[in-house]
Amino acid sequence: MLSLSVNGESHSVDVPADMPLLWVLRDVIGLMGTKFGCGIAQCGACTVHLDGQPVRACVLPVGSIGSKAITTIEAIGDTPSGQKVQQAWLDVDVVQCGYCQSGQIMSAAALLKRSPNPSDAEIDAAMSGNICRCGTYVRIRAAIKQAATGKLEILQTIVTSPEGAAS
Amino acid sequence: MKLKTGRPQTTDQIDLNRRHAIQSGGLAIAFLWLGGSGIASAAINARRQPGDAAAALADGNPAFAPNAFIRIGTDGTVRLVMPTVEMGQAIYTGSSMLLAEELGVGLDQISVEHSPPSDDLYGMPLLGGQITGGSTSTRGTWQVLREAGAVARTLLVTAAATQWHVDPSTCTVDRGMVHHIPSGRSVGFGAVASAAGQLPMPDKVQLTDPKDFKLIGKPLRRVDSADKIKGATQFGLDVRVPGMKIAVVKACPTFDGKLASVDDKAARAMPGVVDVIRIADAVAVVGDHFWAAKQGLEALVIKWDRGENANLTTQQLRDALAESALNGKSIVAREVGSRPADGKTVESVYQLPMLAHATMEPLNATIFVTSDKCEIWVGTQVPARVLDAAAKITGLSKDKIIVHNQYLGGGFGRRLETDSVEQALALAKQVSYPLKVVWTREEDIRHDRVRPMYHDRISAVLDANGRPAWYGYRTSGGTVLGRWAPMAMGKDGLDSDAVECVVEVPYEIPNLKVEWIRHDMPPGLIVGWWRGVGSTHNLFVVESFMDELAHHAGKDPLEYRRALLQKNPRTLAVLNLAAEKIGWGAQPLPARVARGIALGEPFGSRVCAIVEAEVTPQGEVRLRRAVVALDCGIGVNPSSIEAQIQGGLLFGLSAALYSEITIKDGAIEQSNFNDYRNLRINETPLIEVHRIENNEAPGGLGEVGTAIAAPALANAIFAATGVRLYKLPVDRNLLVQDANALKHVVSATAADQGRSDA
């Protein structure tokens, strides 16, 4: 049995030590927000935080985690950077199909925690491991800047709270 | 980006029995022809249909269900059942806006639901079935969903007015309430839902004057965003059913190959492995979780019967296609006038590769088959086809089969196919527990139903001014339509998708001949719809060639196109808008930086993209900026429009820069994002979207950006390097600096002219 700290809760799991964290989260613990996209750390859909650092859960053997704190998309909104990122994602209305967005948000939240006001180059470096096939990159960049500065981005055409808008 | 409402719209009542005129284009054309040929096709209706009672009953028998889309309970909850599926294109938001506008509720007052499988209740008017594709959803439902909202509103108002003994025409509706202002009375929809549910259907309804729209035309937030940013949205792969096991599958790598034998001793001994299941062309290992199943799959010793295609290569396919292009029998799609005897002739050959879809969510299906029931959870673009497939494979009647559609983690045409669901059904019916069948990314790419390869010969005869007096187009390739909807094939077996955007071109060209040569792929190599379908392929060829003609004529590509668009004001306007916004010709650009124009009229919209790219001396391509000008008629949600154009353009640019599926020893060589590359954020330029607003009928959007991307890029690369790309994806080896090549480039600015002469 392995003991894991996931989103502040302790979980005992009976799995092989070489099993990637992704499948422990999804198929054993039942947290489905972290996504499977490639299985070889190429697309970033499975990004979670280990002690605040972004990692690709699809290639991370669960036996290597030890007592490090795992944070997933389900709880990132409880962190200051995660909350900011999720709000900016809503305000800019980044998502399309949404499948990659858990990973995008986890990468962005880690970036803002590390670098509260990132440059374009820092955004590119931190986010280039996350593929979006719908092509939401322009809005991802805008949302990260908005989360960092609080200033509305130029391309933003979203009305955030008009009468009748989705909340 | 507000809707222009200067021109008043008619406020006459809408007779619900007449037919709609719909802006066609793209895939829709084939199906309009199908309708024209007299074959009955199912389509959604604003009013209650024979199947509605059963559907509403299965849906908890809500107090008020006036049609297939609106359910209102006595507590006032409003549920909207979506006729199409959500795969990122924001159609759940757009459809909700159409319904809610007329119903009189805000998007914050509704919830959306996936529709059950039914061609009759949820058939798309442009496609004749429950199909989400071809950028048809808004075009096909713009009218009927507003009518459906108006039908519901009319009944709710009638119920309230009857209760109050007032004339219904003196009542108004707002945010889920009916009001009678003169007497100061108001009632919520829930309180009149039961009474409204007892009323007969109206024959006529009044639609809102566009100047009074509260939702349509506003950039509202998507209805699915709030869950998607929290990881709370359930995609097909996230389905969990009690007792469920997980299967990881491997199919024969070659097209049409079979499973010969499997030694599963080692796999079965592994912890967590539950079962090994075989079908004719694949084997699956079932586990307690994905990891056990995948480890088990890798421990199998599999022998394949690689079949007739065992030695197939991409080069063999290309050679055979090129031979057909030269000598194959063509079907004439359109011929106008004749080829002039005199004049300068320009001829080119363009070749396009096979492409994979690579949706972010790999294919999957969860299925529970028992002796008298089959339940399916899957994200599909064709729910009714999934139902048909399940009936065929399980032998159960359709009333014993339940299909739960899910949010799709990308579609791009891949989920218009049912092959993966059919495979999952064949596996699941062999076991006694619910089975989630998952394709690894490797399986997803190696067993894609790829976009066909094409070989196109295009030519033009120029008049004394360098304008095309005639153009000829011979496109050769496989047919998707011929397999996917054979009844929709046109006269003489013409595949209308294959010649989309070339039978009609925006330009004034007096004579033309467009031919299609059908060249089927070997058995088992099944080609499929890929975002942008025929338009994506043809616009690359036509718009690259228009650029060639401009340079042959010694004209700036913008001026050359302008001159040919004088009789096409809507498309000329998008060209002019894009040129103005990017500042075409205004400032000299650095060496090996240039802009390329492409325009077209795909999917009932008008679009012009200008891409600015830099090509390094080593031949690497960097995207610097893109401007897209769009006329899609009335826009339902400007935010979604912008997002679809940006995302669609990047999808097309990604393919043009990187993507090609190749075959060796009968199998697809690519397998994952390491060898089937995708554009990343650090390669993404700023993309501006500018819209021309008018009250024309809505055009399509989901595939428009994709269709226009590659030619704009290729034309920019030509302007930067003097190298014309006749094949995709971009071959960097051709783009290594060569000053001689630049002599052929005609540019808009004097400074650039100097560079061209260097």
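Residues numbered from 1 in each chain as written. Chains lettered and ligands numbered in written order. Predicted model: local features only at pLDDT ≥ 70, side-chain atom pairs only at ≥ 80, totals over all residues.

1. Remarks on the overall build of chain B
So, step 1. Along chain B, the regular secondary structure elements total 20 helices and 28 strands.
So, step 2. Projected onto its principal axes, the C-alpha coordinates of chain B cover approximately 80 × 75 × 50 Å.
So, step 3. For chain B, contacts bridging at least 24 residues in sequence account for 77% of all contacts bridging at least 6. (Helix = DSSP H or I, 4+ residues; strand = E, 2+ residues; numbered from the N terminus. Contact = placed C-beta atoms within 7 Å.)

2. Comments concerning the overall build of chain A
So, step 1. Each helix and strand in chain A was counted, giving five helices and five strands.
So, step 2. Start at the N end of chain A and walk to the C end: the helices and strands fall as β-β-α-β-β-β-α-α-α-α.
So, step 3. Relative to the compact-globule value of 15 Å for 167 residues, chain A shows a C-alpha radius of gyration of 16 Å, a close match.
So, step 4. Dimensions of chain A along its principal axes, counting C-alpha atoms only, are 50 × 35 × 25 Å. (Rg over C-alpha atoms; globule rule 2.2 N^0.38 Å.)

3. Points about the interface of chain A and chain B
So, step 1. Every contact between the two is made by 55 residues of chain A and, on the other side, 59 residues of chain B.
So, step 2. For the side of chain A that touches chain B, the secondary structure elements donating two or more residues are α1 (21-29), α2 (80-92), α3 (101-114), α4 (120-127) and α5 (137-149) of chain A.
So, step 3. In the side of chain A that touches chain B, the residues fall into 29 nonpolar, 18 polar and eight charged. (Nonpolar A, V, L, I, M, F, W, Y, C, P; charged D, E, K, R; others polar.)

4. Quick word on the nonpolar core
Residue and element names in this part refer to chain B.
So, step 1. Counting residues in hydrophobic clusters, the biggest one holds 293 residues, and the most contacted among them are A247, A609, I610, V628 and I717.
So, step 2. For this core, the leading source of residues is helix α19 (residues 704-721), giving 13 residues.
So, step 3. Filtering out sequence-adjacent residues up to four positions away, I610 remains in contact with A578, A579, I582, W584, R595, G596, I597, A626, V627 and A712. (Core = buried A, V, L, I, M, F, W, Y, C linked by C-beta atoms within 7 Å. Buried ≥ 20, exposed ≤ 12 C-beta atoms within 10 Å, placed from the backbone.)

5. Overview of the pairing of strand β23 (residues 593-600) of chain B
Residue and element names in this part refer to chain B.
So, step 1. For β23, the buried fraction is high: seven of the eight residues fall into the buried class.
So, step 2. Note that β23 and strand β24 (residues 606-615) share eight bridges and pair antiparallel. Each bridged residue has a counterpart across the sheet, and for L599 the counterpart in β24 is C608. (Pairing = 2+ DSSP bridges.)

6. Some remarks on the domain arrangement of chain A
All names here are of chain A.
So, step 1. As far as domains go, chain A holds domain 1 (2-71) and domain 2 (76-149).
So, step 2. A separation of 20 Å is found between the C-alpha centroids of domain 1 and domain 2.
So, step 3. Taken together, the 15 residues of domain 1 in the interface contact 12 residues of domain 2.
So, step 4. Mapped onto the side of domain 1 that touches domain 2, the elements with two or more residues apiece are β3 (47-50) and β4 (53-56).
So, step 5. No other element matches the three residues that β3 contributes to the side of domain 1 that touches domain 2. (Domains from an automatic or database assignment.)

7. Describing the sheet that holds strand β25 (residues 621-631) of chain B
Residue and element names in this part refer to chain B.
So, step 1. Overall, mixed pairing links the four strands, which are arranged β23-β24-β25-β28 in an open sheet. Each having just a single partner strand, β23 and β28 (686-691) make up the two edges of the open sheet. Each adjacent strand pair in this sheet contributes to an overall mean axis angle of 15 degrees, direction not counted.
So, step 2. Relative to β25, β24 runs antiparallel, the two sharing 10 bridges. Within β25, the residue paired with I610 across the bridge is V627. (Axes fitted to C-alpha atoms, helices over the stretch in contact; angles between N-to-C directions.)

8. What to know about the packing of helix α3 (residues 91-103) of chain B against helix α5 (residues 137-164) of chain B
All names here are of chain B.
So, step 1. Where α3 contacts α5, the axes come no closer than 7 Å and their chain directions differ by 35 degrees. Regarding α3 and α5, the two cross each other, and that crossing is right-handed. Mapping the contact onto sequence places I91, G94, S95, L98, L99, A100, E101, E102 and L103 in α3 and S137, T138, T141, W142, L145, R146, A148, G149, A150, A152 and R153 in α5.
So, step 2. Residue classes in the contact of α3 with α5 are distributed as 10 nonpolar, six polar and four charged. (Left-handed = near helix turned anticlockwise from the far one by under 90°.)

9. Observations regarding the sheet that holds strand β3 (residues 78-82) of chain B
Adjacent strands of a sheet form backbone hydrogen bonds with each other and so pair up, either parallel or antiparallel.
Residue and element names in this part refer to chain B.
So, step 1. Sheet architecture is open: three strands sit in the order β2-β3-β4, paired in mixed fashion. Of all strands in the sheet, those bounded by a partner on one side alone are β2 (70-72) and β4 (110-114). For this sheet, the mean angle separating the axes of adjacent strands, direction not counted, is 25 degrees.

10. Digging into the domain arrangement of chain B
Residue and element names in this part refer to chain B.
So, step 1. Here chain B is described as being made up of domain 1 (14-228), domain 2 (236-307 + 363-438) and domain 3 (454-542 + 553-756).
So, step 2. On a C-alpha basis, the centroid separation for the pair domain 1 and domain 2 is 36 Å.
So, step 3. For the side of domain 1 that touches domain 2, the per-class residue count stands at five nonpolar, eight polar and two charged.

11. Points about the confidence of the model for chain B
All names here are of chain B.
So, step 1. Confidence along chain B averages 92 in pLDDT terms, with 94% of residues attaining 70 or more.
So, step 2. Predicted confidence is poor over residues 32-40, with pLDDT under 50, and the contacts of this stretch with residues over four places away or in other chains come to 13 contacts.
So, step 3. Across the assembled chains, the prediction reports ipTM 0.95 with pTM 0.94. (pLDDT = per-residue confidence, 0-100.)

12. Quick notes on helix α15 (residues 533-552) of chain B
Residues and elements named next belong to chain B.
So, step 1. Between its first and last C-alpha atoms α15 spans 30 Å; for 20 residues at 1.5 Å apiece the expected length is 28 Å, and the two agree.
So, step 2. In the structure, α15 departs most strongly from a straight axis at L539, where the bend amounts to approximately 25 degrees.
So, step 3. The buried fraction of α15 amounts to 19 of the 20 residues, a majority that puts the element mostly inside the structure.
So, step 4. Once α15 ends, the next one or two residues include G554, with phi positive near 70 degrees. (Expected span 1.5 Å × (residues − 1). Bend = angle between axes of the 7 residues up to and from the residue.)

13. Overview of α2(A)
So, step 1. For α2(A), with 13 residues, the first-to-last C-alpha span of 18 Å sits near the 18 Å given by 1.5 Å per residue.
So, step 2. On its buried side, α2(A) packs onto α3 and α5 of chain A together with α7 (225-228) of chain B.
So, step 3. Backbone geometry just after α2(A) places D93(A) at a positive phi near 55 degrees.

14. Let's talk about the confidence of the model for chain A
So, step 1. Summary statistics for chain A give a mean pLDDT of 93 and a share of 92% for residues scoring 70 or more.
So, step 2. Taken together, the stretch residues 157-167 of chain A has pLDDT below 50 and engages in 34 contacts with residues farther than four places along the chain or on a different chain.

15. Notes on the environment of S10(A)
Residue and element names in this part refer to chain A.
So, step 1. Among the secondary structure elements, S10 is positioned in strand β2 (residues 9-13).
So, step 2. In the structure, S10 is positioned 73 residues away from Q83 in sequence and 23 Å away in space, judged by C-alpha atoms.
So, step 3. Among all residues touching S10, those that are not within four sequence positions of it are S3 and S5.

16. Thoughts on the environment of V346(B)
So, step 1. Checked against the element boundaries, V346(B) lands in strand β15 (residues 344-352).
So, step 2. Contacts of V346(B), omitting those with residues within four sequence positions, involve S459(B), A460(B), L462(B), E548(B), L549(B) and H552(B).

17. Considerations on the packing of α15(B) against α19(B)
Residue and element names in this part refer to chain B.
So, step 1. The contact between α15 and α19 brings their axes to 7 Å, and the two run at 30 degrees. What the angle tells us is that α15 and α19 run roughly parallel. For the crossing formed where α15 meets α19, the hand is right-handed. Along its contact with α15, which presents S535, T536, L539, F540, E543, S544 and D547, the element α19 presents T706, A707, I708, A710, P711, A714, N715 and F718. (Parallel < 35°, antiparallel > 145°, perpendicular 65-115°, else oblique.)

18. Brief notes about the environment of M354(B)
All names here are of chain B.
So, step 1. Topologically, M354 is positioned in the loop between β15 and β16 (364-370).
So, step 2. Residues M354 and R724, 370 residues apart in the sequence, show an inter-C-alpha distance of 20 Å.
So, step 3. Setting aside residues no more than four positions away along its own chain, M354 makes contact with V450, R451, P452, M453, E660 and I661.

19. Quick look at unusual backbone geometry
Residue and element names in this part refer to chain B.
So, step 1. L728 connects to P729 through a cis peptide bond whose omega is -5 degrees.
So, step 2. Here P729 is to be found in the loop between α19 and α20 (750-756).
So, step 3. Phi is positive for F412, close to 55 degrees, though the residue is something other than glycine.
So, step 4. The topology assignment puts F412 in the loop between β18 (401-405) and α12 (419-428).
So, step 5. A count of 30 C-beta atoms within 10 Å places F412 in the buried class.

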